[in-house]
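Residues per chain are reported as follows:
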Amino acid sequence: MGGADSTIFARRGVATIINAAGTLTRLSSGPLAPGVLAAMQGADAAAVEIEALQAHASGVIAQATGAEAGVVTAGAAAGLMLAAAACLAGLDVARMNALPKAGRRNRIIVARGQRNGYDHALRAAGARLVEVGLPEPAAGAGCRDTEACDYAAAITARSAAILWVARPAAVPPLAEVVAVARARGLPVIVDAAAELPPQSNLRAFIAAGADLVVFSGGKAIGGPAGTGILCGRADLVMSAALQSLDADVAWDDWTPPPGFIDKTRLGGLPRQGIGRACKTGKAEVIGLLVALEHFLAEGDPARHARWLALCEAVLAGLASSGARLCIRNREATDRVPMLELRLADARAAVDLARALRSRPVPVHLARDPAAPGCLLVNPVALRETEVAALVAALVAALGGAGDERS
Ligand SMILES: *Cc1c(COP(=O)(O)O)cnc(C)c1O
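Residues numbered from 1 in each chain as written. Predicted model: local features only at pLDDT ≥ 70, side-chain atom pairs only at ≥ 80, totals over all residues. Heavy atoms only, no water.

Section: the pairing of strand E12 (residues 374-377)
The line we're drawing: Any residue under 20% of the maximum accessible area for its type is buried, any over 50% is exposed, and the rest in between are partly exposed; the area is computed with a 1.4 Å probe on protein chains only. Numbering of helices and strands runs from the N terminus; a helix is a DSSP stretch of H or I covering at least four residues, while a strand is a stretch of E covering at least two. Should DSSP find at least two bridges between two strands, the strands are regarded as paired.
Residues of E12 alternate between two faces, with Cys374 and Leu376 on one and Leu375 and Val377 on the opposite face, all of them buried. As judged from the four bridges shared by strand E10 (residues 338-342) and E12, these two strands associate in the antiparallel manner. For Leu341, the partnering residue across the bridge sits in E12 and is Leu375. Relative to E12, strand E11 (residues 363-367) runs antiparallel, the two being bridged by two bridges. The partner of Ala366 across the bridge, within E12, is Leu376.

Observations regarding a nonpolar patch on the surface
Test applied: Put simply, a patch holds well-exposed residues, over 30% relative accessible area, that have no salt bridge, with like charges counted together within 9 Å and Val, Leu, Ile, Met, Phe, Trp or Tyr side chains within 5 Å. Surface accessibility in these figures is a Shrake-Rupley result with a 1.4 Å probe; residues are shielded only by whichever protein chains are displayed. We count a salt bridge whenever a side-chain nitrogen from Lys or Arg sits within 4 Å of a carboxyl oxygen from Asp or Glu.
Taken together, the side chains of Ile8, Phe9 and Val14 make up a nonpolar region of the molecular surface, amounting to roughly 260 Å² of accessible area. Topologically, Val14 is positioned in the loop between helix H1 (6-10) and strand E1 (18-20). Since its relative accessible area comes to 45%, Val14 is described here as partly exposed.

Observations regarding the sheet that holds E1
Put simply, the test is: Note on geometry: axes are C-alpha line fits, over the in-contact stretch for helices, and angles between N-to-C directions span 0 to 180 degrees. Whether two residues touch is decided by their heavy atoms; if any such pair falls within 4.5 Å, the residues are in contact.
In spatial order, the strands read E1-E11-E12-E10-E9; together these five strands make up an open sheet with mixed pairing. At either margin of the open sheet sits one strand with a lone partner, and together these are E1 and strand E9 (324-328). For this sheet the average axis-to-axis angle between neighbouring strands, irrespective of direction, equals 35°. On the sheet, helix H12 (residues 282-317) packs against E9, E10 and E12 and is oriented at approximately 170° with respect to E9. Where helix H13 (residues 346-357) meets the sheet, its contacts fall on E10, E11 and E12, and the angle it forms with E11 comes to roughly 155°.

A few points about the side chain of Asn201
Quick reminder of the rule: For the purposes of these results, a polar contact is taken to be a pair of N or O atoms within 3.5 Å, where, inside protein, one atom must be able to donate a hydrogen and its partner to accept one; residues adjacent in sequence count only when each atom of the pair is a side-chain atom.
For Asn201, the location among the structural elements is in helix H10 (residues 201-207). Residue classification places Asn201 among the buried residues on the basis of a relative accessible area of 13%. One polar contact links the side chain of Asn201 to the main-chain carbonyl oxygen of Glu195, over a distance of 2.9 Å.

As for helix H4 (residues 76-89)
Using the following cut-off: Given a helix with a known number of residues, its expected span is that number minus one, times 1.5 Å.
Taking 1.5 Å per residue as the helical rise, H4 with its 14 residues ought to reach 20 Å, and the 20 Å between its terminal C-alpha atoms agrees with that figure. Counting buried positions along H4 gives 13 out of 14 residues, so the element sits mostly inside the fold. Two residues or fewer past H4, Gly90 is found with a positive phi of approximately 55°.

Concerning the packing of H4 against helix H11 (residues 234-242)
To be explicit about the condition: Any angle that is under 35 degrees is reported as roughly parallel, and any over 145 degrees as roughly antiparallel; angles of 65 to 115 degrees are reported as roughly perpendicular and all others as oblique. Helix crossings are classified by the rotation of the near helix relative to the far one: an anticlockwise turn of less than a right angle makes the crossing left-handed, while a clockwise turn makes it right-handed. For this scheme, ten residues count as nonpolar: Ala, Val, Leu, Ile, Met, Phe, Trp, Tyr, Cys and Pro. Four count as charged, namely Asp, Glu, Lys and Arg, and the remainder, Gly too, count as polar.
Interhelical geometry of H4 versus H11 gives an angle of 110° and a closest axis separation of 8 Å. Comparing their axes, H11 and H4 come out roughly perpendicular. For the element pair H4 and H11, the recorded crossing hand is right-handed. In contact with Leu82, Ala85, Ala86 and Cys87 of H4, H11 contributes Leu236, Ser239 and Ala240. Class assignment of the residues belonging to the contact of H4 with H11 gives a composition of six nonpolar, one polar and no charged.

Description of a positive patch on the surface
We count it as follows: The sign given to each residue is positive for Lys and Arg and negative for Asp and Glu; His and the chain ends receive no count. For the purpose of locating charges, the reference atoms are NZ of Lys, CZ of Arg, CG of Asp and CD of Glu.
A cluster of like positive charges, contributed by Arg26, Arg354, Arg357 and Arg367, occupies part of the molecular surface. Here Arg357 is to be found in helix H13.

Examining the nonpolar core
Stated precisely, the cut-off is as follows: As used here, the term nonpolar core means buried Ala, Val, Leu, Ile, Met, Phe, Trp, Tyr and Cys residues forming a set that is joined through side-chain atoms within 4.5 Å. Throughout, the edges of the domains are those of an automatic or database domain assignment.
Grouped together as the largest cluster of nonpolar side chains are 55 residues, with contacts concentrated most on Tyr151, Trp164, Val188, Val190, Phe205, Val213 and Phe215. With eight residues, H12 is the largest single contributor of residues to this core. Split by domain, this core shows at least three residues from each of two domains, domain 1 (7-29 + 299-398) and domain 2 (36-293). Setting aside residues up to four positions removed in sequence, Trp164 forms contacts with Gln114, Tyr151, Ala170, Pro172, Pro173, Leu174, Val177, Val188, Ile189, Val190, Asp191 and Phe205. Val93, Leu230, Trp254 and Ile274 belong to the second-largest nonpolar core, a separate cluster that totals 50 residues.

Observations regarding the domain arrangement of the protein
We count it as follows: As used here, buried area is the combined drop in accessible area, with a 1.4 Å probe, of two parts when they are placed together.
Taken domain by domain, the protein consists of domain 1 (7-29 + 299-398) and domain 2 (36-293). On a C-alpha basis, the centres of domain 1 and domain 2 stand 32 Å from each other. If you look at the interface, domain 1 gives 10 residues, while domain 2 gives eight residues. With both sides pooled, the region where domain 1 packs onto domain 2 buries about 730 Å², and carbon together with sulfur makes up 55% of that total. Counting the surface domain 1 buries against domain 2, the share from its top three residues, Thr23, Asp300 and Arg335, is 47%. Across the contact surface, domain 1 and domain 2 share zero salt bridges.

Let's talk about the site of the ligand
Selection criterion: Working definition: residue near molecule or strand if any one of its non-hydrogen atoms lies within 4 Å of it.
Near the ligand you find Thr25, Gly75, Ala76, Ala77, Tyr118, Asp191, Ala193, Ala194, Ser216 and Lys219, and these make up its full shell. A distance of 2.9 Å separates an oxygen atom of the ligand from a polar backbone atom of Ala77. The contact in question runs from a nitrogen atom of the ligand to an N or O atom on the side chain of Asp191, over 2.8 Å.

Quick word on the side chain of Thr65
Along the chain, Thr65 falls in helix H3 (residues 50-65). Thr65 gets classed as buried once you look at its relative accessible area, which sits at 1%. In this structure the side chain of Thr65 is engaged in a polar contact, spanning 3.1 Å, whose partner is the backbone nitrogen of Ala67. Excluding anything up to four places from it in sequence, Thr65 contacts Leu202, Arg203, Ile206 and Cys231.

The following block contains the structure:
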(Lines give C-alpha, C1' and ligand atoms only; values in the text may rest on other atoms or scores of the structure.)
Protein backbone atom coordinates (compact mmCIF):
# COMPACT_ATOMS: atom_id res chain seq x y z
CA MET A 1 0.00 0.00 0.00
CA GLY A 2 1.15 3.52 -0.80
CA GLY A 3 3.10 5.84 1.49
CA ALA A 4 6.73 5.49 2.49
CA ASP A 5 5.75 5.27 6.16
CA SER A 6 4.16 1.87 5.65
CA THR A 7 7.73 0.54 5.87
CA ILE A 8 7.58 1.26 9.60
CA PHE A 9 5.09 -1.58 9.94
CA ALA A 10 6.41 -3.71 7.08
CA ARG A 11 9.85 -3.88 8.68
CA ARG A 12 8.23 -5.35 11.77
CA GLY A 13 6.04 -7.74 9.86
CA VAL A 14 2.85 -6.02 10.96
CA ALA A 15 0.30 -5.91 8.14
CA THR A 16 -1.21 -2.54 7.28
CA ILE A 17 -4.92 -2.40 6.52
CA ILE A 18 -7.35 -0.04 4.83
CA ASN A 19 -9.69 1.26 7.48
CA ALA A 20 -13.00 2.25 5.92
CA ALA A 21 -14.88 1.27 9.07
CA GLY A 22 -14.50 4.50 11.05
CA THR A 23 -12.32 5.60 13.94
CA LEU A 24 -12.39 2.25 15.69
CA THR A 25 -9.83 1.78 18.45
CA ARG A 26 -9.16 -1.81 17.38
CA LEU A 27 -8.34 -0.59 13.86
CA SER A 28 -5.96 2.09 15.21
CA SER A 29 -8.44 4.99 14.90
CA GLY A 30 -8.12 7.58 12.13
CA PRO A 31 -5.48 9.90 10.69
CA LEU A 32 -4.32 12.77 12.88
CA ALA A 33 -5.65 16.20 11.93
CA PRO A 34 -3.21 18.43 10.01
CA GLY A 35 -0.56 19.95 12.26
CA VAL A 36 -1.06 17.52 15.13
CA LEU A 37 2.00 15.37 14.54
CA ALA A 38 4.27 18.38 14.05
CA ALA A 39 2.96 19.94 17.27
CA MET A 40 3.54 16.70 19.17
CA GLN A 41 7.08 16.58 17.87
CA GLY A 42 7.58 20.22 18.87
CA ALA A 43 6.27 19.44 22.34
CA ASP A 44 9.10 16.98 22.79
CA ALA A 45 11.69 19.76 22.56
CA ALA A 46 11.14 21.12 26.07
CA ALA A 47 9.89 20.14 29.52
CA VAL A 48 6.84 21.65 31.20
CA GLU A 49 4.89 21.17 34.40
CA ILE A 50 1.95 18.93 33.53
CA GLU A 51 -0.29 20.88 35.93
CA ALA A 52 0.48 24.09 34.04
CA LEU A 53 -0.17 22.39 30.70
CA GLN A 54 -3.49 20.93 31.89
CA ALA A 55 -4.45 24.35 33.30
CA HIS A 56 -3.85 25.81 29.84
CA ALA A 57 -5.80 22.93 28.27
CA SER A 58 -8.64 23.70 30.66
CA GLY A 59 -8.90 27.20 29.21
CA VAL A 60 -8.88 25.95 25.62
CA ILE A 61 -11.50 23.29 26.41
CA ALA A 62 -13.64 25.79 28.34
CA GLN A 63 -13.62 28.12 25.35
CA ALA A 64 -14.56 25.30 22.95
CA THR A 65 -17.31 23.79 25.11
CA GLY A 66 -18.71 26.58 27.23
CA ALA A 67 -17.82 24.55 30.33
CA GLU A 68 -16.14 26.09 33.37
CA ALA A 69 -13.09 23.83 33.03
CA GLY A 70 -11.67 20.74 31.35
CA VAL A 71 -8.81 18.28 31.23
CA VAL A 72 -7.26 16.18 28.51
CA THR A 73 -7.70 12.52 29.41
CA ALA A 74 -6.33 9.26 28.01
CA GLY A 75 -9.50 8.73 25.94
CA ALA A 76 -13.20 9.13 26.59
CA ALA A 77 -13.28 5.93 28.64
CA ALA A 78 -10.61 7.38 30.91
CA GLY A 79 -12.74 10.52 31.08
CA LEU A 80 -15.70 8.43 32.25
CA MET A 81 -13.59 6.83 34.96
CA LEU A 82 -12.34 10.22 36.14
CA ALA A 83 -15.86 11.66 35.99
CA ALA A 84 -17.09 8.86 38.27
CA ALA A 85 -14.09 9.33 40.56
CA ALA A 86 -14.85 13.06 40.80
CA CYS A 87 -18.51 12.43 41.65
CA LEU A 88 -17.63 9.77 44.21
CA ALA A 89 -14.86 11.67 46.00
CA GLY A 90 -15.53 15.37 45.37
CA LEU A 91 -12.69 17.35 46.94
CA ASP A 92 -12.36 14.94 49.89
CA VAL A 93 -8.75 13.75 49.79
CA ALA A 94 -9.36 10.72 51.99
CA ARG A 95 -12.11 9.57 49.66
CA MET A 96 -9.83 10.07 46.63
CA ASN A 97 -7.15 7.94 48.25
CA ALA A 98 -9.66 5.19 49.09
CA LEU A 99 -11.10 4.67 45.58
CA PRO A 100 -12.23 2.28 44.19
CA LYS A 101 -13.57 1.73 47.70
CA ALA A 102 -16.25 4.36 47.60
CA GLY A 103 -18.21 3.86 50.80
CA ARG A 104 -21.98 4.02 50.90
CA ARG A 105 -22.55 6.92 48.49
CA ASN A 106 -21.38 4.97 45.46
CA ARG A 107 -24.43 4.57 43.20
CA ILE A 108 -24.61 5.99 39.69
CA ILE A 109 -28.04 5.83 38.08
CA VAL A 110 -28.39 4.96 34.38
CA ALA A 111 -31.31 4.14 32.09
CA ARG A 112 -31.39 0.41 31.43
CA GLY A 113 -31.48 1.00 27.67
CA GLN A 114 -28.32 3.16 27.86
CA ARG A 115 -26.15 0.49 29.47
CA ASN A 116 -23.09 -0.30 27.31
CA GLY A 117 -19.63 -1.77 27.59
CA TYR A 118 -17.94 1.57 28.15
CA ASP A 119 -19.72 2.05 31.47
CA HIS A 120 -17.21 -0.45 32.86
CA ALA A 121 -15.00 2.63 33.25
CA LEU A 122 -17.35 4.14 35.85
CA ARG A 123 -17.44 0.85 37.73
CA ALA A 124 -13.64 0.73 37.66
CA ALA A 125 -13.60 3.94 39.73
CA GLY A 126 -15.73 2.25 42.39
CA ALA A 127 -19.24 3.16 41.26
CA ARG A 128 -22.10 0.69 41.29
CA LEU A 129 -24.56 1.24 38.49
CA VAL A 130 -28.26 1.30 39.30
CA GLU A 131 -30.41 0.62 36.24
CA VAL A 132 -33.75 2.33 35.87
CA GLY A 133 -36.61 2.22 33.36
CA LEU A 134 -37.57 -0.29 30.71
CA PRO A 135 -36.45 0.02 27.06
CA GLU A 136 -39.78 -1.30 25.81
CA PRO A 137 -39.40 -0.17 22.16
CA ALA A 138 -36.22 -2.28 21.96
CA ALA A 139 -38.25 -5.30 23.04
CA GLY A 140 -41.05 -4.48 20.62
CA ALA A 141 -43.34 -4.69 23.63
CA GLY A 142 -44.42 -1.13 24.21
CA CYS A 143 -43.89 2.49 23.22
CA ARG A 144 -42.28 3.92 26.36
CA ASP A 145 -38.59 3.92 27.31
CA THR A 146 -37.08 5.21 30.55
CA GLU A 147 -38.83 8.34 31.86
CA ALA A 148 -37.67 11.17 34.12
CA CYS A 149 -39.79 9.84 36.99
CA ASP A 150 -37.84 6.55 36.86
CA TYR A 151 -34.65 8.42 37.77
CA ALA A 152 -36.43 10.43 40.47
CA ALA A 153 -37.74 7.25 42.12
CA ALA A 154 -34.27 5.70 42.23
CA ILE A 155 -32.45 8.58 43.93
CA THR A 156 -31.44 7.86 47.52
CA ALA A 157 -28.80 9.02 50.00
CA ARG A 158 -26.48 6.49 48.34
CA SER A 159 -26.71 8.18 44.90
CA ALA A 160 -23.57 9.92 43.63
CA ALA A 161 -24.49 10.84 40.05
CA ILE A 162 -26.61 10.09 37.00
CA LEU A 163 -25.04 8.82 33.76
CA TRP A 164 -26.69 9.86 30.48
CA VAL A 165 -25.38 8.36 27.24
CA ALA A 166 -25.78 10.82 24.38
CA ARG A 167 -27.41 9.73 21.11
CA PRO A 168 -29.46 11.86 18.74
CA ALA A 169 -32.62 10.00 19.81
CA ALA A 170 -31.70 9.36 23.46
CA VAL A 171 -34.65 9.32 25.85
CA PRO A 172 -35.55 10.93 28.09
CA PRO A 173 -33.99 14.17 26.83
CA LEU A 174 -31.00 15.43 28.81
CA ALA A 175 -32.88 18.54 29.99
CA GLU A 176 -35.47 16.36 31.78
CA VAL A 177 -32.76 14.28 33.47
CA VAL A 178 -30.92 17.45 34.50
CA ALA A 179 -34.11 18.85 36.05
CA VAL A 180 -34.54 15.73 38.20
CA ALA A 181 -30.87 15.67 39.16
CA ARG A 182 -30.71 19.38 40.05
CA ALA A 183 -33.76 19.08 42.29
CA ARG A 184 -31.89 16.42 44.30
CA GLY A 185 -28.39 17.93 44.12
CA LEU A 186 -26.91 15.18 41.93
CA PRO A 187 -24.39 15.76 39.11
CA VAL A 188 -25.12 14.43 35.61
CA ILE A 189 -22.30 12.77 33.63
CA VAL A 190 -22.77 12.70 29.84
CA ASP A 191 -20.96 10.15 27.68
CA ALA A 192 -20.75 11.99 24.33
CA ALA A 193 -17.64 10.11 23.19
CA ALA A 194 -18.78 9.61 19.61
CA GLU A 195 -21.29 12.49 19.27
CA LEU A 196 -19.15 14.70 17.01
CA PRO A 197 -20.15 15.87 14.45
CA PRO A 198 -22.24 17.95 14.79
CA GLN A 199 -19.68 20.41 16.07
CA SER A 200 -22.44 22.13 18.05
CA ASN A 201 -22.47 19.11 20.38
CA LEU A 202 -19.22 20.38 21.90
CA ARG A 203 -21.41 22.95 23.65
CA ALA A 204 -24.91 21.39 23.58
CA PHE A 205 -24.72 19.05 26.59
CA ILE A 206 -23.03 21.63 28.81
CA ALA A 207 -25.66 24.15 27.69
CA ALA A 208 -28.40 21.66 28.61
CA GLY A 209 -27.04 21.53 32.15
CA ALA A 210 -24.70 18.53 32.23
CA ASP A 211 -22.14 18.72 35.05
CA LEU A 212 -19.48 16.64 33.27
CA VAL A 213 -19.21 15.67 29.59
CA VAL A 214 -16.68 13.37 27.89
CA PHE A 215 -15.63 13.35 24.24
CA SER A 216 -13.21 11.04 22.49
CA GLY A 217 -10.13 12.78 21.08
CA GLY A 218 -9.36 9.99 18.64
CA LYS A 219 -12.67 10.00 16.77
CA ALA A 220 -13.88 12.89 14.58
CA ILE A 221 -11.68 15.44 16.36
CA GLY A 222 -8.62 13.78 14.82
CA GLY A 223 -6.45 13.81 17.92
CA PRO A 224 -4.19 11.00 19.14
CA ALA A 225 -6.10 7.72 19.67
CA GLY A 226 -5.24 7.77 23.36
CA THR A 227 -6.79 11.15 24.14
CA GLY A 228 -10.14 12.51 25.20
CA ILE A 229 -11.79 15.53 26.78
CA LEU A 230 -13.49 15.74 30.17
CA CYS A 231 -15.18 19.09 30.70
CA GLY A 232 -17.69 20.57 33.09
CA ARG A 233 -18.02 22.10 36.54
CA ALA A 234 -14.77 23.55 37.86
CA ASP A 235 -14.86 21.72 41.21
CA LEU A 236 -15.51 18.34 39.57
CA VAL A 237 -12.84 18.87 36.91
CA MET A 238 -10.44 19.90 39.69
CA SER A 239 -11.21 16.63 41.48
CA ALA A 240 -10.70 14.64 38.28
CA ALA A 241 -7.40 16.39 37.59
CA LEU A 242 -6.15 15.80 41.14
CA GLN A 243 -6.95 12.11 40.84
CA SER A 244 -4.94 11.72 37.64
CA LEU A 245 -1.94 13.97 38.28
CA ASP A 246 1.30 12.65 39.62
CA ALA A 247 1.26 14.09 43.14
CA ASP A 248 4.54 13.01 44.68
CA VAL A 249 5.41 16.39 46.18
CA ALA A 250 5.37 17.88 49.69
CA TRP A 251 2.28 19.93 50.55
CA ASP A 252 4.41 23.01 51.40
CA ASP A 253 6.26 22.80 48.08
CA TRP A 254 3.13 22.34 46.02
CA THR A 255 2.08 25.42 44.06
CA PRO A 256 -0.61 24.31 41.59
CA PRO A 257 -2.00 26.81 39.04
CA PRO A 258 -4.60 28.61 41.18
CA GLY A 259 -7.29 29.07 38.51
CA PHE A 260 -7.27 25.33 37.85
CA ILE A 261 -6.58 23.79 41.26
CA ASP A 262 -7.64 25.82 44.31
CA LYS A 263 -5.31 24.60 47.04
CA THR A 264 -7.32 26.43 49.72
CA ARG A 265 -10.24 24.04 49.14
CA LEU A 266 -8.16 20.95 49.92
CA GLY A 267 -7.35 19.36 53.23
CA GLY A 268 -4.22 17.80 51.78
CA LEU A 269 -2.66 16.53 48.60
CA PRO A 270 -3.98 13.16 47.44
CA ARG A 271 -1.49 10.47 46.59
CA GLN A 272 -1.35 9.08 43.07
CA GLY A 273 -5.04 8.63 42.42
CA ILE A 274 -7.14 6.11 40.58
CA GLY A 275 -6.65 8.09 37.37
CA ARG A 276 -2.88 7.82 37.55
CA ALA A 277 -3.24 4.52 35.65
CA CYS A 278 -4.49 6.42 32.59
CA LYS A 279 -2.09 9.34 32.36
CA THR A 280 -1.53 11.65 29.43
CA GLY A 281 1.88 12.98 28.47
CA LYS A 282 2.60 16.48 27.23
CA ALA A 283 2.74 15.46 23.56
CA GLU A 284 -0.72 13.86 23.76
CA VAL A 285 -2.16 16.93 25.49
CA ILE A 286 -0.71 19.23 22.84
CA GLY A 287 -1.84 16.87 20.08
CA LEU A 288 -5.42 16.89 21.36
CA LEU A 289 -5.48 20.69 21.68
CA VAL A 290 -4.17 21.25 18.16
CA ALA A 291 -6.69 18.72 16.81
CA LEU A 292 -9.52 20.45 18.69
CA GLU A 293 -8.49 23.83 17.32
CA HIS A 294 -8.40 22.38 13.81
CA PHE A 295 -11.80 20.73 14.34
CA LEU A 296 -13.29 24.11 15.34
CA ALA A 297 -11.63 25.96 12.46
CA GLU A 298 -12.67 23.48 9.77
CA GLY A 299 -16.35 23.48 10.67
CA ASP A 300 -19.07 20.96 9.79
CA PRO A 301 -19.68 21.95 6.12
CA ALA A 302 -16.01 21.74 5.04
CA ARG A 303 -15.51 18.52 7.02
CA HIS A 304 -18.63 17.00 5.45
CA ALA A 305 -17.45 18.03 1.97
CA ARG A 306 -14.04 16.40 2.58
CA TRP A 307 -15.66 13.13 3.71
CA LEU A 308 -18.27 13.25 0.94
CA ALA A 309 -15.52 13.61 -1.68
CA LEU A 310 -13.99 10.33 -0.44
CA CYS A 311 -17.38 8.59 -0.67
CA GLU A 312 -17.97 10.01 -4.16
CA ALA A 313 -14.55 8.81 -5.30
CA VAL A 314 -15.29 5.25 -4.16
CA LEU A 315 -18.78 5.46 -5.67
CA ALA A 316 -17.33 6.57 -9.02
CA GLY A 317 -14.80 3.73 -8.93
CA LEU A 318 -17.60 1.20 -8.46
CA ALA A 319 -19.90 2.68 -11.13
CA SER A 320 -19.61 -0.33 -13.45
CA SER A 321 -19.35 -3.00 -10.73
CA GLY A 322 -23.06 -3.76 -10.66
CA ALA A 323 -23.15 -3.12 -6.92
CA ARG A 324 -26.19 -1.44 -5.40
CA LEU A 325 -24.87 1.77 -3.90
CA CYS A 326 -26.13 4.93 -2.29
CA ILE A 327 -24.69 7.72 -0.16
CA ARG A 328 -26.15 8.29 3.27
CA ASN A 329 -26.24 11.80 4.74
CA ARG A 330 -25.35 13.39 1.42
CA GLU A 331 -27.15 16.62 2.34
CA ALA A 332 -26.84 16.41 6.13
CA THR A 333 -23.68 18.43 6.69
CA ASP A 334 -23.90 17.89 10.46
CA ARG A 335 -23.56 14.12 10.01
CA VAL A 336 -20.92 11.78 8.61
CA PRO A 337 -21.67 10.88 4.98
CA MET A 338 -21.18 7.18 4.18
CA LEU A 339 -21.29 5.03 1.09
CA GLU A 340 -23.75 2.18 1.50
CA LEU A 341 -23.35 -1.13 -0.36
CA ARG A 342 -26.56 -3.12 -0.37
CA LEU A 343 -26.07 -6.88 -0.58
CA ALA A 344 -28.67 -9.60 -1.09
CA ASP A 345 -28.95 -10.33 2.64
CA ALA A 346 -27.03 -10.40 5.94
CA ARG A 347 -25.21 -13.58 4.92
CA ALA A 348 -23.93 -11.93 1.73
CA ALA A 349 -22.77 -8.93 3.73
CA VAL A 350 -20.81 -11.11 6.17
CA ASP A 351 -19.27 -13.07 3.29
CA LEU A 352 -18.18 -9.92 1.46
CA ALA A 353 -16.78 -8.36 4.65
CA ARG A 354 -14.78 -11.53 5.25
CA ALA A 355 -13.52 -11.62 1.65
CA LEU A 356 -12.37 -8.01 1.94
CA ARG A 357 -10.55 -8.70 5.19
CA SER A 358 -8.66 -11.62 3.68
CA ARG A 359 -7.26 -9.68 0.73
CA PRO A 360 -3.47 -9.03 0.48
CA VAL A 361 -4.13 -5.57 1.90
CA PRO A 362 -7.07 -6.25 4.22
CA VAL A 363 -10.01 -3.88 3.91
CA HIS A 364 -12.37 -3.17 6.79
CA LEU A 365 -15.84 -1.75 6.16
CA ALA A 366 -18.45 -0.75 8.72
CA ARG A 367 -21.61 -2.68 9.61
CA ASP A 368 -24.93 -1.21 10.65
CA PRO A 369 -26.90 -3.34 13.12
CA ALA A 370 -30.09 -1.73 11.79
CA ALA A 371 -29.26 -2.78 8.20
CA PRO A 372 -27.60 -6.22 8.39
CA GLY A 373 -27.66 -6.65 4.59
CA CYS A 374 -25.46 -3.58 4.09
CA LEU A 375 -21.81 -2.71 4.36
CA LEU A 376 -20.70 0.89 4.74
CA VAL A 377 -17.65 2.83 3.64
CA ASN A 378 -17.08 5.20 6.56
CA PRO A 379 -14.68 7.90 5.29
CA VAL A 380 -13.54 9.33 8.66
CA ALA A 381 -10.49 7.08 9.05
CA LEU A 382 -9.87 6.70 5.30
CA ARG A 383 -6.93 8.42 3.61
CA GLU A 384 -7.22 9.86 0.11
CA THR A 385 -4.14 7.84 -0.87
CA GLU A 386 -6.03 4.63 -0.04
CA VAL A 387 -9.06 5.21 -2.26
CA ALA A 388 -7.64 3.53 -5.39
CA ALA A 389 -6.64 0.41 -3.45
CA LEU A 390 -10.01 0.35 -1.69
CA VAL A 391 -11.85 0.54 -5.03
CA ALA A 392 -9.68 -2.21 -6.51
CA ALA A 393 -10.32 -4.46 -3.52
CA LEU A 394 -14.07 -3.84 -3.70
CA VAL A 395 -14.20 -4.47 -7.44
CA ALA A 396 -12.29 -7.73 -7.01
CA ALA A 397 -14.36 -8.91 -4.04
CA LEU A 398 -17.64 -7.92 -5.67
CA GLY A 399 -16.51 -9.41 -8.97
CA GLY A 400 -18.49 -12.66 -8.91
CA ALA A 401 -21.69 -11.12 -7.57
CA GLY A 402 -21.44 -8.14 -9.93
CA ASP A 403 -21.08 -10.43 -12.95
CA GLU A 404 -24.11 -12.46 -11.92
CA ARG A 405 -26.28 -9.39 -11.71
CA SER A 406 -25.27 -7.83 -15.02
C1 LIG B 1 -15.77 5.34 21.59
C2 LIG B 1 -16.63 5.43 22.81
C3 LIG B 1 -16.07 5.48 24.09
C4 LIG B 1 -14.58 5.35 24.33
O5 LIG B 1 -13.83 6.39 23.76
P6 LIG B 1 -12.22 6.31 23.80
O7 LIG B 1 -11.80 7.70 23.47
O8 LIG B 1 -11.83 5.31 22.77
O9 LIG B 1 -11.83 5.89 25.17
C10 LIG B 1 -16.91 5.64 25.16
N11 LIG B 1 -18.25 5.73 25.01
C12 LIG B 1 -18.84 5.65 23.79
C13 LIG B 1 -20.33 5.76 23.68
C14 LIG B 1 -18.04 5.50 22.65
O15 LIG B 1 -18.61 5.42 21.43
